[in-house]
Amino acid sequence: GKIVLIPASAQNPAAPTGGHLLHAADQLSQRGYVSFVVNYRLYPYSMQDAQMDLARAIRFVRHSAGDYGYNEKNIAVLGFSAGAMAAGGMMLDFGDLEDGSSLDGSYRPDEIDKLSTNVSGNGMIYGFFGNLKTSIKDVERYKEAQIPETFFCYGANDSYAPECKGCIKALEEAGVTVKTVELPGMGHGFGLKGDWLGQFDSWLSRIYIRNALIGDR
């Protein structure tokens with residue numbers, strides 16, 4: 001089995017503006033994936049709360065691997081816009097030893113919190129590592145965080161395109177393998193337009209096949 005977690009953007013995925021998240025999950029299911037659309041806490045909560053929610057979601061999915069019949073190594077994230085930024089922040093700021101108690105002293109960790117938050121692939125669709133204003137270009141920080149292979153897709157006419165490019169450059173300098181798809185004539189929020197999902201599927205399938213081969217050794 002192949003798993004993709006899709007973090008919601010700044011909107012509820014059930015709302016009209018978030019419908020592309022459910023559409024992406026449906027399209028991925030037709031390609032053989034089990035998809036989870038993940039809601040996380042928004043304002044008045046902090047971005048760190050959102051990142052911890054995503055970390056918990058990854059752990060929960062890993063914990064449930066046996067129930068769904070999939071390989072717990074084959075977990076990836078596919079984030080759109082702010083969802084990509086939240087996922088990126090989780091990878092940079094919360095390692096395997098972090099749990100909810102790092103933000104809330106009353107939180108009581110359980111067995112699920114002992115599981116890894118690592119993912120095999122990271123999809124960023126018109127998003128990047130950073131915040132709503134600028135991307136992170138700290139090469140050493142990326143090296144320390146051991147970012148997984150990352151798939152970028154953005155519109156050439158998106159005002160965020162320069163930030164995506166700067167982020168990609170820093171990741172590559174840090175030794176991260178990056179697949180980039182730039183869509184001509186596209187701006188921000190294009191959803192599934194541009195036929196990039198097939199390229200994402202091919203890219204991620206290759207990673208999952210490699211995981212299987214390593215696991216068989």
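Anything mentioned here points back to the structure above.
Residues numbered from 1 in each chain as written. Predicted model: local features only at pLDDT ≥ 70, side-chain atom pairs only at ≥ 80, totals over all residues. Heavy atoms only, no water.

(A) Helix H6 (residues 161-173), seen in detail. In this model H6 runs 18 Å from its N-terminal to its C-terminal C-alpha over 13 residues, within 8% of the 18 Å that 1.5 Å per residue would give. Taken as a whole, H6 has its buried residues at Ala161, Glu163, Cys164, Gly166, Cys167, Ile168, Ala170 and Leu171. On its buried face, H6 is in contact with helix H5 (139-145), strand E5 (149-155) and strand E6 (178-183). Following H6 by one or two positions, Gly175 adopts a phi angle in the positive range, close to 90°. (Helix = DSSP H or I, 4+ residues; strand = E, 2+ residues; numbered from the N terminus. Expected span 1.5 Å × (residues − 1). Buried < 20%, exposed > 50% of the residue type's maximum accessible area, 1.4 Å probe, protein only. Contact = heavy atoms within 4.5 Å.)

(B) The arrangement of empty space enclosed by the protein in detail. A full pass over the atoms with the stated rule returns 1 cavity of 30 Å³ or more. There is about 30 Å³ of room inside the largest cavity. Forming the walls of the largest cavity are Leu5, Pro7, Leu54, Ile58, Val77, Ala87 and Met90. Mapped onto the lining of the largest cavity, the elements with two or more residues apiece are strand E1 (2-7), helix H2 (47-63) and helix H4 (82-93). Residue classes in the lining of the largest cavity are distributed as 7 nonpolar, no polar and no charged. (1 Å grid on protein atoms, 1.4 Å probe; cavity = no way out; pocket = protein on both sides within 12 Å on 5 of 7 lines; lining within 4 Å. Points joined across faces, edges and corners; volume = space filled by probe spheres on them. Nonpolar A, V, L, I, M, F, W, Y, C, P; charged D, E, K, R; others polar.)

(C) Layout of the environment of Cys164. Of note, Cys164 is situated in helix H6. Separated by 42 residues in the primary sequence, Cys164 and Asn122 have C-alpha atoms spaced 14 Å apart. Ignoring any residue separated from it by four or fewer positions in sequence, one finds Cys164 in contact with Gly127, Phe128 and Tyr154.

(D) Main features of the nonpolar core. Counting residues in each nonpolar core, the largest one holds 45 residues, and the members touching the most others are Leu5, Met91, Phe129, Tyr142, Ile147, Phe152 and Leu171. Broken down by secondary-structure element, the contributors of at least two residues to this core are E1, strand E2 (33-38), H2, strand E3 (75-80), H4, H5, E5 and H6. The element best represented in this core is H4, accounting for 8 residues. Not counting chain neighbours up to four residues away, the residues in contact with Met91 comprise Val77, Val119, Asn122, Phe129, Ala145, Ile147 and Pro148. Counting 25 residues, the second largest nonpolar core, distinct from the first, contains Val4, Leu21, Cys153 and Leu197. (Core = buried A, V, L, I, M, F, W, Y, C linked by side-chain atoms within 4.5 Å.)

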